[in-house]
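A structural walkthrough
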Amino acid sequence: MLDVGLGQGTQALRLARAGHEVTGLESDPAMLDAVREALSAEPAGIRERVRLIEGDGRDTGAHFLPGAFDVVLCHGVLMYVPEPDPMLAALARVLAPGGLLSLLVRNADALALRPGLQGDWDGALAAFDSPAYTNRIGLSVRADRREELTTTLTAIGAPLHTWYGVRVFTDLAPDDSGVPDDWDRLLEAEDRAGRTDPYRAVAALLHLCGVRGGA
Ligand SMILES: C[S@@+](CC[C@H](N)C(=O)[O-])C[C@H]1O[C@@H](n2cnc3c(N)ncnc32)[C@H](O)[C@@H]1O
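Nothing here was measured: the structure is a model prediction, and the numbers come from that model. Positions within a chain are numbered from 1, following the residues in the order the chain's sequence is written. Where local features are concerned, this predicted model is filtered to residues with pLDDT of at least 70; where side-chain atom pairs are given and counted, the filter is 80 or more; whole-chain, interface and lining totals use all residues. The side-chain quantities take in all heavy atoms of the structure and omit both hydrogens and water.

With that settled, consider the environment of Leu 32. Here a helix means four or more residues in a row that DSSP labels H or I, a strand means two or more in a row labelled E, and each is numbered from the N terminus. Counting through the fold element by element, Leu 32 comes out in helix H2 (residues 29-40). C-alpha separation for the pair Leu 32 and Leu 95, spaced 63 residues apart in sequence, amounts to 23 Å. A contact between two residues is defined here by any heavy atoms of the two lying within 4.5 Å. Aside from chain neighbours lying at most four places away, what touches Leu 32 is Leu 6, Glu 26, Leu 52, Ile 53 and Glu 54.

The next subject is the sheet that holds strand S5 (residues 95-106). Note: two strands are recorded as paired if DSSP finds a minimum of 2 bridges between them. Read from one edge of the open sheet, seven strands run S3-S2-S1-S4-S5-S9-S8, paired in mixed fashion. Each having just a single partner strand, strand S3 (50-54) and strand S8 (160-166) make up the two edges of the open sheet. With strand direction ignored, the average angle separating the axes of adjacent strands in the sheet is 15°. Direction of pairing for S5 relative to strand S9 (residues 205-211): antiparallel, over a ladder of seven bridges. For every element, the axis is a line fit to its C-alpha atoms; helices are fit only across the contacting stretch, and the angle between N-to-C directions ranges from 0 to 180 degrees.

The next subject is the site of the ligand. The full set close to the ligand counts 17 residues, and Gly 5, Gln 11, Glu 26, Gly 57 and His 75 are the nearest of them. Two N or O atoms count as a polar contact when they lie within 3.5 Å, although within protein this holds only if one can serve as hydrogen donor and the other as acceptor, and sequence-adjacent residues are included solely when both atoms are side-chain atoms. For the ligand, an oxygen atom lies 2.9 Å from a polar atom in the side chain of Gln 11. At a separation of 2.5 Å, an oxygen atom of the ligand approaches a polar side-chain atom of Glu 26. Only the protein chains shown count as cover for residues, with accessible areas throughout obtained via the Shrake-Rupley method and a probe of 1.4 Å. Within the complex, the protein chains bury 80% of what would otherwise be the 600 Å² of accessible surface of the ligand. Polar here means any residue other than Ala, Val, Leu, Ile, Met, Phe, Trp, Tyr, Cys and Pro, which are nonpolar, and Asp, Glu, Lys and Arg, which are charged; Gly is therefore polar. Of the residues in the shell around the ligand, the class split is five nonpolar, eight polar and four charged. Any residue with a heavy atom lying within 4 Å of a molecule or strand is counted as near it.

Attention now moves to helix H9 (residues 183-194). The end-to-end C-alpha distance of H9, which contains twelve residues, comes to 16 Å, matching closely the 16 Å that a straight helix rising 1.5 Å per residue would cover. Those residues of H9 lying buried are Glu 190, Ala 193 and Gly 194. Looking down the long axis of H9, one finds its buried residues gathered within 100° of arc, a one-sided arrangement. In H9, the exposed residues that point more than 90 degrees away from the buried face are Asp 184, Arg 185 and Arg 192. On its buried side, H9 packs onto S8. The span you would expect from a helix comes to 1.5 Å times its residue count less one. Classification of residues uses two cut-offs on accessible area relative to the type maximum, computed with a 1.4 Å probe and protein chains only: under 20% is buried, over 50% is exposed, and between them is partly exposed. By construction, the arc corresponds to the directions joining the helix axis to the C-beta atoms.

With seven of seven residues buried, S9 is to be regarded as a mostly interior element. For S8 and S9, the ladder comprises six bridges, and the chain directions are antiparallel. Bridge assignment links Trp 163 to a residue of S9, and that residue is Leu 208.

Before going further, it helps to spend a moment on the packing of aromatic side chains. In this scheme Phe, Tyr and Trp rings, the latter by its six-membered ring, pair at centre separations within 6.5 Å, and the angle between planes marks the pair as stacked below 30 degrees, edge-to-face above 60, and tilted otherwise. Applying the stated criterion across every chain, the model contains one aromatic pair. Taking the centre distance of 5.0 Å and the plane angle of 85° together, the rings of Phe 64 and Phe 69 count as edge-to-face. The same class applies to Phe 64 and to Phe 69, which are both buried. In this structure, Arg 106 is placed above the aromatic ring of Tyr 133, and the distance from its NZ or CZ to the ring centre is 4.9 Å. We call a charge positioned above a ring when the Lys NZ or Arg CZ atom is no farther than 6 Å from the ring centre and deviates by at most 35 degrees from the ring normal. A cation over an aromatic ring shows up here: Arg 146 above the ring of Trp 163, its NZ or CZ 3.9 Å from the ring centre.

Here Leu 186 shows up in helix H9. Counting along the chain gives 24 residues from Leu 186 to Gly 210, while the straight-line C-alpha distance between them is 27 Å. Excluding anything up to four places from it in sequence, Leu 186 contacts Thr 170 and Pro 180.

Here the focus is the pattern of salt bridges. The rule for a salt bridge is simple: a side-chain nitrogen of Lys or Arg has to be within 4 Å of a carboxyl oxygen of Asp or Glu. For the coordinates displayed, the defined rule picks out twelve salt bridges. Arg 17 is the partner of Glu 42 in a salt bridge, and the nearest nitrogen-oxygen pair spans 2.6 Å. Here the residue Glu 42 occupies a position in the loop between H2 and helix H3 (44-47), and Arg 17 occupies one in helix H1 (residues 10-17), the gap between them amounting to 25 residues. Residue Glu 42 is classed as buried on the basis of its relative accessible area of 11%. One network of salt bridges, in which partners are shared, links Arg 114, Arg 136, Arg 167, Asp 171 and Asp 175.

Printed below as a string of structure tokens:
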């Protein structure tokens with residue numbers, strides 16, 4: 001598996017613990033140091049399943065052969081990429097036939113919800129007309145529309161197979177809110193909404209799964 005923009009390695013570590021061979025491609029050396037530190041606390045068998053490479057997700061051709069991976073994850077990264085299509089094409093190229101491209105993106109179709117529910121009317125009105133937004137850590141980033149990504153996935157030979165909404169009910173929860181006692185029920189409700197129309201369409205994030213060579 002290839003995890004592009006693996007950040008602190010949350011997904012990569014879980015996948016390695018589950019028995020997968022994971023390569024992490026990350027542009028920020030400080031993040032790679034954090035992953036190395038987290039890995040050092042893992043048993044040798046798990047450490048050996050993770051390979052880390054410093055680089056840009058748009059340059060997969062410089063690092064990997066075509067069709068090298070069964071799964072490519074790109075979670076929480078497209079927001080930072082001004083032009084998503086070249087990045088997505090680079091990811092599709094290293095995917096084996098039948099392989100899965102897993103994208104987690106900010107949902108541009110529901111961008112007005114967060115400011116609107118917070119009573120920020122100027123922010124809500126602006127969000128209808130632009131995919132640009134300021135994220136929780138104050139960076140100017142961008143969101144993606146499902147329809148546009150669906151078109152791109154078809155064009156790069158990894159058509160959309162399935163999609164989910166992520167953070168339907170909990171988008172306004174503060175980052176430091178901690179794990180609530182009813183965590184299981186919260187997850188059950190989020191999971192249900194994330195798979196159900198019309199809720200999933202207005203989730204803060206979208207999880208899109210394309211399949212290389214899929215119908
Ligand atoms: C919000 S974090 C997401 C981390 C992880 N994927 C997750 O879901 O928890 C975004 C990460 O993508 C990295 N990143 C942003 N643009 C990138 C690019 N063009 N190529 C590789 N990594 C990139 C950032 O350095 C950061 O570590």
